[in-house]
Amino acid sequence: MSVAFFGTVFGRLEYKGVLYKLLKLPLDEESKKRIDEYKQKLNDLIYSTAPWIITDYVFKIIDKKLYLTSIHFQRVSSNVIENEIVNIFGKDKVFIPLTGDIKMFSRSKEMVKNGGVQHSFYTITLKVDKGTLLKTSNVEWKNSGMRVLKNYIPE
């Protein structure tokens, strides 16, 4: 079993001009079903489910509504990454009627402190009802630890 970290991202969401990272895809059941059906229609050798292969979902809040704007799969046969949203849904953006919370995060600047490097990030929770943004809450700064830089070369 593995643990998600900052580099483990399953999608991105553009909100107020900033691209945030998502650890969970905010997809409704119908959208998941259509994406899975599309993948099953393809030859198994065209796409890989290996964890190092790129699958990128991009969402966007437009006029307080949640939309899926692109799905990129990496083709194993040619190493080409293509946007498949039109092939799956027949249009260039899809309204996602999700109800619940969407947690997203972004890394802040690296800060040098006391001879070390400190990484921080913040999370934002969007409350969504049937695909409509209700409110934004829980802006939390998290400290992912401090690494002290040491000189291991003997003088």
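Just so you know, these numbers come straight off a predicted model, no measurement behind them. (Residues numbered from 1 in each chain as written. Predicted model: local features only at pLDDT ≥ 70, side-chain atom pairs only at ≥ 80, totals over all residues. Heavy atoms only, no water.)

Within the protein chain one finds two helices and 10 strands. The order of α-helices and β-strands along the protein chain, N terminus first, is β-β-α-β-β-β-α-β-β-β-β-β. Each of the 155 residues in the protein chain was classed as buried or not, and the buried ones make up 35%. Sequence-distant contacts in the protein chain: of pairs separated by 6 or more residues, those separated by 24 or more amount to 52%. Working note: accessible area of the protein chain is about 10500 Å², and carbon and sulfur atoms make up 54% of it. (Helix = DSSP H or I, 4+ residues; strand = E, 2+ residues; numbered from the N terminus. Buried < 20%, exposed > 50% of the residue type's maximum accessible area, 1.4 Å probe, protein only. Contact = heavy atoms within 4.5 Å. Areas by Shrake-Rupley, 256 points an atom, 1.4 Å probe, with all protein chains shown as cover.)

On to the packing of aromatic side chains, then. In the structure shown here, the tally under the stated rule is one aromatic pair. Taken together, a centroid distance of 5.8 Å and an interplanar angle of 65 degrees make the contact between Tyr-67 and Phe-95 edge-to-face. With Tyr-67 in strand 4 (residues 65-74) and Phe-95 in strand 6 (residues 94-95), the pair connects residues that are 28 residues apart, well separated along the chain. Given the relative accessible area of 17%, Tyr-67 is considered buried. On the basis of relative accessible area, Phe-95 is assigned to the partly exposed category, the value being 33%. Above the face of the Tyr-67 ring, Lys-93 is positioned so that its terminal group lies 4.8 Å from the ring centre. (Phe/Tyr/Trp six-rings, centres within 6.5 Å; stacked < 30°, edge-to-face > 60°. Lys NZ or Arg CZ within 6 Å of the ring centre and 35° of its normal.)

Right, let's talk about the confidence of the model for the protein chain for a bit. Mean pLDDT for the protein chain: 75, with 61% of residues reaching 70 or above. Ranking the helices and strands of the protein chain by mean pLDDT puts strand 6 first, with 93, and strand 8 (residues 111-113) last, with 56. Per-residue pLDDT stays below 50 along residues 1-5; that stretch engages in two contacts with residues further than four places along the chain or on separate chains. (pLDDT = per-residue confidence, 0-100.)

Attention shifts here to the nonpolar core. With 27 residues, the main nonpolar core has Leu-13, Phe-59, Leu-68 and Leu-126 as its most contacted residues. Not counting residues within four places of it along the chain, the set of residues in contact with Phe-59 comprises Arg-12, Leu-13, Glu-14, Leu-22, Leu-25, Pro-26, Leu-27, Leu-66, Tyr-67, Leu-68, Thr-69 and Ile-96. (Core = buried A, V, L, I, M, F, W, Y, C linked by side-chain atoms within 4.5 Å.)

Leaving glycine aside, a negative phi is the common case for residues, and trans is the common case for peptide bonds. Residue Lys-16 is not a glycine yet carries a positive backbone phi of 55 degrees. Relative to the helices and strands, Lys-16 is located in the loop between strand 1 (11-15) and strand 2 (18-22). The backbone of Lys-64 sits at a positive phi, close to 65 degrees, despite the residue not being glycine. Mapped onto the elements of the fold, Lys-64 is located in the loop between strand 3 (55-62) and strand 4.

Next up on the list: the side chain of Ser-70. Within the secondary structure layout, Ser-70 lies in strand 4. Ignoring any residue separated from it by four or fewer positions in sequence, one finds Ser-70 in contact with Asp-56, Tyr-57, Val-58, Asn-83 and Ile-85.

By secondary structure assignment, the location of Leu-23 is in the loop between strand 2 and helix 1 (29-41). Between the C-alpha atom of Leu-23 and that of Ile-102, which follows or precedes it by 79 residues, the distance is 9.4 Å.

This brings us to the side chain of Asp-28. Here Asp-28 lies in the loop between strand 2 and helix 1. No salt bridge forms around the buried Asp-28; measuring N to O, its nearest opposite-charge neighbour Lys-32 is 8.4 Å away. Within the structure, Asp-28 has its side chain in polar contact with the side chain of Ser-31 (distance 2.6 Å). In contact with Asp-28, other than residues within four places in its own chain, are Ile-96, Pro-97 and Leu-98. (Lys, Arg positive; Asp, Glu negative; His and termini not counted. Salt bridge = Lys/Arg side-chain N within 4 Å of Asp/Glu carboxyl O. Polar contact = N/O pair within 3.5 Å; in protein donor to acceptor, adjacent residues only side chain to side chain.)

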